[in-house]
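# Commentary on secondary and tertiary structure
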Amino acid sequence: MKRIHVAGVIAIMCLGCAGLADAAEAVAGKATLDNLQAAFNGESNAKAKYEAFAAKADEEGYKSVAALFRAASQSEGIHAKKHAAVITKLGAEPKAEIGKPEVKGTKENLEAALAGETHEKETMYPGFIKQATAEKNKAAVRTFRGAMMAEVEHAKLYKQALAELDAWKAAGKEFMVCQICGYTALSNPALVKCPVCSAPKTKFTMVK
Ligand code: FE2
Ligand code: FE2
Ligand code: FE2
């Protein structure tokens, strides 16, 4: 009788363990959903901010910088859509609060954009990917990783524009944006497929 009693206690204890594990998983799942919402909000705001920066660059006569901001804005819109799709798949509603972008001169706008991209590629997305990986949320890992790789290119392009600012006054620079993942690059006729998502060249739009 005593043995049966002990086994019963163990069984009850195990049920308790399972409950704790479920609770821990639910909390962990919430972290990635929160991260997806933060990323959706960030990308939606970046899209609006770069549109405003493009208008300012046009106004100040930095035609090729304006084209870069337009291309990046399109890319951020694609990231926002991709994050939103994963949020919806998880049964939640994507929520973004679009603030009024702080628009300064084109040089300052490029510096602000570079700082934002650097934060996203070095801190924000790596942290989100780590969390989503721990939660085995493959769809979230995929959308975070796709965005992060485009942010790497955005940062490079903003750095280049800052270094060659006077030369970027003239119109003429054209950018390619992958409509599947948002990868952005200076026009490159040799590119046959997207280096991030492998989409064929037909999935790219040209922005100038
Ligand atoms: Fe983005
Ligand atoms: Fe970006
Ligand atoms: Fe792509």
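Everything below is about the structure printed above this text.
All residue numbers refer to positions counted from 1 along the written sequence of the respective chain. Chains and ligands are labelled sequentially in the order written, the chains with letters from A and the ligands with numbers from 1. Given that this is a predicted model, residues contribute local features only at a pLDDT of at least 70 and side-chain atom pairs are listed and counted only at 80 or more, while totals for whole chains, interfaces and linings are drawn from all residues. Calculated side-chain values reflect all of the structure's heavy atoms, with hydrogen atoms and water omitted.

### Details of the coordination of the iron ion (ligand 3)
Ideal values differ by geometry: the angle at a metal is 109.5 degrees with four tetrahedral donors, but 90 or 180 degrees with six octahedral donors. Coordination sphere of the iron ion (ligand 3), protein contribution only: Cys-178 (SG), Cys-181 (SG), Cys-194 (SG) and Cys-197 (SG), at 2.3 to 2.4 Å. Here a donor is any nitrogen, oxygen or sulfur atom (N, O, S) within 2.8 Å of the metal, with 3.2 Å used for Na, K and Ca; water is not among the atoms considered, so some sites may look incomplete. Metal sites are grouped by the angles between bound donors: all angles between 85 and 135 degrees with four donors is tetrahedral, opposite donors over 155 degrees apart with the others between 65 and 115 is square planar for four donors and octahedral for six, and any other pattern is irregular. One way to put it: the 4 donor atoms around the iron ion (ligand 3) meet at angles of 102 to 117 degrees, and that makes the site tetrahedral. The sequence motif formed by the donor residues of the iron ion (ligand 3) is C-x2-C-x12-C-x2-C. Since its relative accessible area comes to 29%, Cys-197 is described here as partly exposed. Exposure is judged per residue with a 1.4 Å probe applied to protein chains only, and the accessible area is read against the type maximum: over 50% gives exposed, under 20% gives buried, and values in between give partly exposed.

### Observations regarding the coordination of the iron ion (ligand 2)
The protein atoms that coordinate the iron ion (ligand 2) are Glu-76 (OE), Glu-117 (OE), Glu-117 (OE), Glu-151 (OE) and His-154 (ND1), at distances of 2.0 to 2.3 Å. Counting along the primary sequence, the residues that act as donors to the iron ion (ligand 2) give the motif E-x40-E-x33-E-x2-H.

### Things to note about the sheet that holds strand E3 (residues 204–207)
Only strands joined by at least two bridges in the DSSP assignment are considered to pair. Numbered from the N terminus, helices here are DSSP runs of H or I no shorter than four residues, and strands are runs of E no shorter than two. Pairing in this open sheet of 3 strands is antiparallel, and the strands run E2-E1-E3 from one edge to the other. In this open sheet, the two strands that pair with only one neighbour each are strand E2 (184–186) and E3. Between one strand axis and the next, the sheet turns through 25 degrees on average, direction left out of account. Both strand E1 (residues 175–178) and E2 contribute to a ladder of 3 bridges, which runs antiparallel. Bridging across to E2, Val-177 finds its partner in Thr-184. The criterion used for residue contact is that any of the two residues' heavy atoms lie within 4.5 Å. Axes here mean lines fitted to C-alpha atoms, for a helix over just the part in contact, with angles spanning 0 to 180 degrees between N-to-C directions. Across the face of the sheet, helix H2 (residues 63–89) comes into contact with E1, E2 and E3 while running at roughly 0 degrees to E1. The strands touched by helix H4 (residues 138–163) are E1 and E2; relative to E2, the strand with the most contacts, the crossing angle is about 35 degrees.

### Thoughts on the packing of aromatic side chains
For Phe, Tyr and Trp, where Trp contributes only its six-membered ring, two rings pair if their centres lie within 6.5 Å, and the inter-plane angle classes them as stacked under 30 degrees, edge-to-face over 60, or tilted in between. This model, assessed by the stated rule, comprises 9 aromatic pairs. Ring geometry for Tyr-50 and Phe-53: centres 6.2 Å apart, planes at 45 degrees, overall tilted. Placement of both Tyr-50 and Phe-53 in helix H1 (residues 2–60) is noted, with a separation of 3 residues, approximately one turn of the helix. When its relative accessible area of 2% is taken as the criterion, Tyr-50 is described as buried. Centre to centre, the rings of Phe-69 and Tyr-158 are 5.4 Å apart; their planes meet at 40 degrees, and the pair counts as tilted. Of this pair, Phe-69 sits in helix H2 while Tyr-158 sits in helix H4, placing them 89 residues apart in sequence. The class of Phe-69 is buried, set by a relative accessible area of 0%. On the basis of relative accessible area, Tyr-158 is assigned to the buried category, the value being 0%. Geometrically, a lysine NZ or arginine CZ counts as sitting over a ring once it is within 6 Å of the ring centre and also within 35 degrees of the ring normal. Above the ring of Trp-168, the side-chain terminus of Lys-173 is found at 5.2 Å from the ring centroid.

Without other data, these values stay purely geometric and don't point to any function.
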